[in-house]
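What follows is each chain in one-letter form.
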Amino acid sequence: EPGKVGSYLCGPTVYGPAHLGHGRATVTYDILRRYLEWTGLEVRLVSNITDIDDNIINRANRENRDWKDITTKCEAMWWQAMDGVGNERPTDVPHATEWVDEMVPLIGDLVDRDLADVTADGVYFAVEGVEDYGLLAHQSLDDMRSGGGEREVFGADEKRHPADFVLWKFSKPDEPAWPSPWGDGRPGWHSECVVMSLELLGEGFDLHCGGQDLRFPHHENERAQAVALGKKFANHWKHNVFVVDAEGEKMSKSIGNVSNLLDLIEQYDPRAYRIVLLQSHYRSPVRLGQANIDQAVASLAGLDTFATRSASVIDGAVPDPEVIDRFRSAMDDDLDTPKAMSIVFATLRAAHSAIDAGDASAGPLADAVAEMTGEVGLALGSAAD
């Protein structure tokens, strides 16, 4: 729709604190959203909360707690972390448990079309019913293997193909459950985003986002359900690469080297993590260590000092159009934030020199720095206490 962008970002499963990988994904798409809005587009960003899941149930059983207590507290921690890194709240935040009534008819439609099977432990989607299954994974169906990190793709013995995935999981005694024509249970992870994105953004919405680990199976399985039902799904996909440790090893819960995002932003200026991410292209891994955090903190100190020094010359100035055009060109080129930030710092140095010389260009250059840093979510002069 001209002038508008509909974007869907897969949100968290709320059973633990937000980690650095969550931070990269959400900051990446916050930067994209801010940029699109800065160019004059109206953005509707939908980002869900998965508040029913095996991980949530397992933690509740392990700790002898009510599962809703876990999801409520973990979601509060999530928003604390998201606010901390300076992300704007999504336009819509649908919760999986609020959309079960809409998921059941979608699953029923797939069953009626012989695209899903009722088995002893749930309802499974038959992937062989989708001709181009594997498109996002860049694999043929014959080459498919299990994937998706913490999610179980393989499982039941009654599936037509090993890659068939669960749409509805029958509940065990004392587990949370919702009614369905096939038996009480809960929806599979891959169905919630299909229903919520299509309902809130409409068919053929503009952009579906997430980390590259969601490309397969989650995003592939979302797309497969929509395609099987004859619905046009996302027109474009965008996947960011992982955060890795200083040695280049991926940070993940299974390895045990994930850092709590709240710990990072409580120890350092919360904008430091955003600077680190801005100086890395979203399709390249971020090697996060003490060195680049320290460098980011130093860069922020320089930006804040400049904001104070340039306050008097910015008053009444208009951003230098040539600088803004170069910044826009960098961001238009596959969201090249490293190049955009190099333009920011080059302009900052030029503005310092112009202020020293009493040159008339000081105001427009300084205002350009303020414009560009504001666009990427860096509020200058707001260092953490």
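A brief look at the structure comes next.

Calculation rules
- Residues numbered from 1 in each chain as written.
- Predicted model: local features only at pLDDT ≥ 70, side-chain atom pairs only at ≥ 80, totals over all residues.
- Heavy atoms only, no water.
- Core = buried A, V, L, I, M, F, W, Y, C linked by side-chain atoms within 4.5 Å.
- Buried < 20%, exposed > 50% of the residue type's maximum accessible area, 1.4 Å probe, protein only.
- Helix = DSSP H or I, 4+ residues; strand = E, 2+ residues; numbered from the N terminus.
- Contact = heavy atoms within 4.5 Å.
- Pairing = 2+ DSSP bridges.
- Axes fitted to C-alpha atoms, helices over the stretch in contact; angles between N-to-C directions.

Next up on the list: the nonpolar core. Ranked by size, the top nonpolar core spans 117 residues in total, and within it Leu110, Phe125, Tyr133, Trp168, Leu261 and Tyr273 carry the most contacts. A per-element tally of this core places helix α11 (residues 337-357) first, with nine residues. Dropping the residues within four chain positions of it, Leu261 is found in contact with Ala18, His19, Leu20, Gly23, Ala81, Met82, Val85 and Tyr273.

Spatial ordering of the open sheet is given by β2-β1-β7-β8, a layout of four strands whose pairing is parallel. Lying at the two open borders of the sheet, with one neighbouring strand each, are β2 (42-47) and β8 (236-240). Here the strands of the sheet are splayed against their neighbours by 20 degrees on average, with no regard to which way each runs. Taken strand by strand, helix α1 (residues 20-38) contacts β1 (4-9), β2, β7 (207-211) and β8, and its axis lies near 135 degrees from that of β8. Here helix α6 (residues 215-228) sits on the sheet in contact with β7 and β8, set at roughly 155 degrees to β7.

The next thing to look at is unusual backbone geometry. That bond from Phe216 to Pro217 is cis: its omega, 10 degrees, falls within 30 degrees of zero. The topology assignment puts Pro217 in helix α6. Positive phi outside glycine occurs at Asp174, with the angle close to 70 degrees. Position of Asp174 among the secondary structure elements: in the loop between β5 (165-170) and β6 (185-187). Assessed through its relative accessible area of 82%, Asp174 is described here as exposed. For Leu335, which is not a glycine, the phi torsion comes out positive at approximately 50 degrees.

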